[in-house]
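Given next are the chains, with one letter for each unit.
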Amino acid sequence: MSELTEITSGLRFPEGPIAMPDGSVILVEMFGPRITRVRPDGSKETIADIVGGPNGAAIGPDGALYLCNNGGCFTPVDLGDLLLPGPFDPAVYIGGRIQRVDLATGEVADLYTECDGRALRAPNDLVFDAHGGFWFTDYGKVYERVRDRGAVCYARADGSFIGEVIAPLDSPNGIGLSANGRALFVAETYTGNILRFEIEGPGRIRRPADTPAAM
């Protein structure tokens, strides 16, 4: 087994690490809540403070960072050595959103807050394709006895289009593309399943008879 080396510590639920050309790693701290750059020597700097709950992140075709913000859907549960996502608190929830962050200035702008007339619940992770658009998961949220099921959406980085592609799903979380870009993989947290979808084009999948379609 490879030996692990700790580069830094004290991060508040880190997610969405991105290896940068200069050797640093950019990541989100969900309970920071902020975007942080970690240098190879372990030093940290804040790129931007984020209202809500920063989750998955990726660098877009324009060099900006694109961010899934779950809106503060989870509250922190501090167990001493562990910091875990806790229950939904409507008092702090601002609504889900996809955001664009200028890495040079730290400016944060909302790109999408709804899809097909429905408010985004808790965007979780995203992946860019070769066409410059991105697929992302909307995890959904749980509040008392109410549970919003999630979805997979596709959007353009310039803010000109967003569409729901696969729904409903149970807690869609991580998302990725095959090496040739022809298949989409989605991890469902509650079910423990990895789902595979054949891609026909930007924002389009081939639907077997038992595949859930957007509703």
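Numbering of residues begins from 1 in every chain and follows the order in which that chain's sequence is written. Confidence filtering applies because this is a predicted model: local features only for residues at pLDDT of at least 70, side-chain atom pairs given and counted only at 80 or more, and all residues used for totals across whole chains, interfaces and linings. Water and hydrogen atoms were dropped before computing side-chain values, which therefore reflect all heavy atoms in the structure.

A.B. asks: Could you clarify how one ought to interpret the packing of aromatic side chains in this entry?
C.D. replies: The relative placement of two aromatic rings is captured by the distance of their centres and the angle of their planes. Here a Phe, Tyr or Trp ring, Trp counted by its six-membered ring, pairs with any other such ring whose centre lies within 6.5 Å, and the pair is stacked when the planes are under 30 degrees apart, edge-to-face when over 60, and tilted otherwise. According to the stated counting rule, one finds 9 aromatic pairs in the structure shown. For the pair Phe 128 and Phe 134, a centre-to-centre distance of 5.2 Å together with 55 degrees between the ring planes defines the contact as tilted. The exposure classification of Phe 128 matches that of Phe 134, with both residues buried. Each residue in the set Tyr 66, Phe 128, Phe 134 and Phe 136 is aromatic and connected to the rest through ring pairs, giving one cluster. Exposure is judged per residue with a 1.4 Å probe applied to protein chains only, and the accessible area is read against the type maximum: over 50% gives exposed, under 20% gives buried, and values in between give partly exposed.

A.B. asks: How do you make sense of the nonpolar core when you look at a structure like this?
C.D. replies: Note on soluble globular proteins: their nonpolar side chains tend to be buried together. Counting 16 residues, the largest nonpolar core has Tyr 66, Ile 98, Tyr 112, Leu 126, Phe 128, Phe 134 and Phe 136 as its most contacted members. Among the secondary structure elements, those contributing two or more residues to this core are strand 6 (65–69), strand 13 (123–128), strand 14 (133–138) and strand 17 (150–156). By definition, residues are in contact when any of their heavy atoms lie within 4.5 Å. With residues near it in sequence (within four places) discarded, Phe 134 still touches Tyr 66, Ile 98, Leu 111, Tyr 112, Leu 126, Val 127, Phe 128, Cys 153, Tyr 154, Ala 155, Arg 156 and Ala 157. Residues belong to one nonpolar core when they are buried, are Ala, Val, Leu, Ile, Met, Phe, Trp, Tyr or Cys, and are joined through side-chain atoms within 4.5 Å. Residues Leu 169, Leu 184, Val 186 and Ile 205 belong to the second largest nonpolar core, which totals 13 residues. Runs of E in the DSSP output that reach at least two residues are strands. Runs of H or I that reach at least four are helices, and both are numbered from the N terminus.

A.B. asks: Is there a simple way to think about the pairing of strand 4 (residues 44–49) in this case?
C.D. replies: Two elements, strand 3 (residues 34–38) and strand 4, share 5 bridges in a ladder whose sense is antiparallel. Paired with Arg 34 across the strands is Asp 49, a residue of strand 4. Linking two consecutive strands that pair antiparallel, namely strand 3 and strand 4, is a turn of 5 residues; a positive phi of about 95 degrees is found at Gly 42 within it. Any two strands are treated as partners once DSSP identifies two or more bridges connecting them.

A.B. asks: What should I look at first to understand the pattern of salt bridges in this one?
C.D. replies: Side chains bearing opposite charge may pair, as long as their charged atoms lie close to each other. The term salt bridge refers to a side-chain nitrogen of Lys or Arg lying within 4 Å of a carboxyl oxygen of Asp or Glu. Following the criterion strictly, the structure yields 12 salt bridges and no others. Asp 110 is the partner of Arg 97 in a salt bridge, and the nearest nitrogen-oxygen pair spans 2.9 Å. Taken as a pair, Arg 97 in strand 9 (residues 97–101) and Asp 110 in strand 10 (residues 108–112) lie far apart in primary sequence, 13 residues in all. Taking relative accessible area as the criterion, Arg 97 reaches 15% and is therefore assigned buried. Of the charged contacts, one joins Arg 196 and Glu 198 as a salt bridge, the two residues approaching to 1.9 Å between their closest N and O atoms. For Arg 196, a relative accessible area of 52% puts it in the exposed group. A relative accessible area of 27% places Glu 198 in the partly exposed class.

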